[in-house]
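Letter by letter, the chains look like this.
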Amino acid sequence: MSLRLGDDAPNFQAQTTVGEIDFYDYTKDSWVVLYSHPSDYTPVCTTELGRTAQLKQEFEARNVKVLALSVDSVEDHHEWIKDINETQNTTVDFPVIADKDRKIAELYDMIHPNASATATVRSVFVIGPDRKVKLTLTYPASTGRNFQEILRVIDSLQLTANYSVATPADWKHGEDVIVVPAIKTEDIPAKFPKGHKEIKPYLRTTPQPNI
């Protein structure tokens, strides 16, 4: 059964490169990025884990914990990480989950038979502190994930969780946002004192409220 937006992210226990973890305990009160890889020593994923490590401070600034998953063993993960650190000029210190029996892959519907009968597809889950699934993405094996987009989405999710706004196409942190339709135009000044623009009755923008 596939996970959909708003579903509870299932808990699990796993062996990882930082030791055994309980997913809920490890990620308590944090936002989470959980993303999967078909196997160790794959070239695209090598660059992805390296990029994640390079962005450590960006994730920490957003209260995000990152966990990667691959079907190989912890021992294989540690050897692969040596290659990642060397080739990507970084230090991978976030957990890489060993999922040899594919229980977590199946729990999160990471195996798509038409793509591969056994390998996990390259999925991304963004999960909120309430343990709800906020975003799902699935990439083909040939396309590296865009981590700036993942950070952008987290910025949007964290903003819209706290304010009655939405973010427009290509929005980036610091740009104007959209006032949600549920707020009447006459009520906008009280809620958004920075001002607003009424482009259409249903399209009202305001400066980002949390900066």
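Not measured: the values here are computed from a predicted model.

(A) Molecular detail of the overall build of the protein. A count of helical and extended segments in the protein gives 7 helices and 11 strands. Counting only C-alpha atoms and orienting by the principal axes, one finds that the protein spans roughly 60 × 40 × 35 Å. Each of the 211 residues in the protein was classed as buried or not, and the buried ones make up 45%. A total accessible area of about 11,000 Å² is found for the protein, and carbon and sulfur atoms account for 49% of it. Distance between charge centroids for the protein: 7 Å, based on 23 positive and 30 negative side chains.

(B) Representation of the UniProt feature "active site" (unreviewed entry) in the protein in the model. Those residues carrying the UniProt feature "active site" (unreviewed entry) are Cys45 in this numbering. Relative accessible area serves as the criterion here: at 2%, Cys45 is assigned to the buried category. Once residues within four sequence positions are removed from consideration, Cys45 is found in contact with His37, Pro38, Trp80, Arg122 and Arg145.

(C) Expanded view of the pattern of salt bridges. Applying the stated criterion across every chain yields a total of 11 salt bridges. With a shortest N-O distance of 2.2 Å, Glu48 and Arg122 are connected by a salt bridge. Taken together, the residues span a long stretch of sequence, with Glu48 in helix H2 (residues 43-54) and Arg122 in strand E6 (residues 122-127) at a distance of 74 residues. Assessed through its relative accessible area of 2%, Arg122 is described here as buried. Among the residues examined, Glu48 registers a relative accessible area of 1% and is labelled buried. One salt-bridge network, held together by shared partners, links Glu48, Arg122 and Arg145.

(D) Focus on the sheet that holds strand E8 (residues 165-166). Within the open sheet, the 4 strands sit side by side as E8-E9-E11-E10. Their pairing is antiparallel. At either end of the open sheet lies a strand with only one pairing partner, and these are E8 and strand E10 (197-200).

(E) Representation of H2. Look at H2: 17 Å from first C-alpha to last across 12 residues, which is about the 16 Å you get at 1.5 Å a residue. Looking only at H2, the buried set comprises Cys45, Thr46, Glu48, Leu49, Gly50, Thr52 and Ala53.

(F) Expanded view of helix H6 (residues 147-162). Helix length check: H6, at 16 residues, gives a terminal C-alpha distance of 23 Å against a target of 22 Å (1.5 Å per residue), a fit within 8%. A side-chain oxygen of the first residue of H6 lies 3.1 Å from the backbone nitrogen of Gln148; this N-cap is Asn146.

(G) Spotlight on the pairing of strand E3 (residues 31-37). Among the 7 residues in E3, 7 count as buried, and that is most of the element. Residues of E3 alternate between two faces, with Trp31, Val33, Tyr35 and His37 on one and Val32, Leu34 and Ser36 on the opposite face, all of them buried. In this sheet, strand E4 (residues 64-70) lies alongside E3 in parallel orientation, the contact comprising 7 bridges. Within the sheet, the bridge partner assigned to Val33 lies in E4 and is Val66. By the bridge criterion, 4 bridges tie E3 to E6 in an arrangement that is antiparallel. Bridge pairing in E6 links Leu34 to Phe125.

(H) A look at the environment of His196. With respect to the helices, strands and loops of the structure, His196 is situated in the loop between helix H7 (188-191) and E10. As a C-alpha pair, His196 and Ile178 span 18 residues in sequence and 9.3 Å in three-dimensional space. Setting aside anything within four residues of it in sequence, one finds His196 in contact with Thr185, Ile188, Pro189, Thr205 and Thr206.

(I) Broad picture of the packing of aromatic side chains. Here the structure, examined in full by the defined rule, presents 6 aromatic pairs. Residues Phe12 and Phe23 carry aromatic rings whose centres are separated by 4.7 Å and whose planes lie at 15° to one another, so their mutual orientation is stacked. Of the two residues, Phe12 sits in the segment before strand E1 (13-16) while Phe23 sits in helix H1 (residues 23-26), which places them 11 residues apart along the sequence. The burial state of Phe12 is the same as that of Phe23; both residues are buried. For the ring pair Phe23 and Tyr24, a centre distance of 6.3 Å and an interplane angle of 40° mean the geometry is tilted. Take Phe23: its relative accessible area is 1%, and that puts it in the buried class. The class for Tyr24 is partly exposed, based on a relative accessible area of 22%. Three or more aromatic residues link up through ring pairs in this structure, and these residues are Phe12, Phe23, Tyr24, Tyr108 and Phe125. A cation sits over an aromatic face here: Lys65 above Tyr26, 4.7 Å from the ring centre. The ring of Tyr24 is capped by Arg131, whose NZ or CZ atom sits 4.1 Å from the centre of that ring.

Scoring rules and cut-offs
Residues numbered from 1 in each chain as written. Predicted model: local features only at pLDDT ≥ 70, side-chain atom pairs only at ≥ 80, totals over all residues. Heavy atoms only, no water. Helix = DSSP H or I, 4+ residues; strand = E, 2+ residues; numbered from the N terminus. Buried < 20%, exposed > 50% of the residue type's maximum accessible area, 1.4 Å probe, protein only. Areas by Shrake-Rupley, 256 points an atom, 1.4 Å probe, with all protein chains shown as cover. Lys, Arg positive; Asp, Glu negative; His and termini not counted. Charge placed at Lys NZ, Arg CZ, Asp CG, Glu CD. UniProt positions renumbered as here; feature names shortened; annotations may be inferred. Contact = heavy atoms within 4.5 Å. Salt bridge = Lys/Arg side-chain N within 4 Å of Asp/Glu carboxyl O. Pairing = 2+ DSSP bridges. Expected span 1.5 Å × (residues − 1). Polar contact = N/O pair within 3.5 Å; in protein donor to acceptor, adjacent residues only side chain to side chain. Phe/Tyr/Trp six-rings, centres within 6.5 Å; stacked < 30°, edge-to-face > 60°. Lys NZ or Arg CZ within 6 Å of the ring centre and 35° of its normal.

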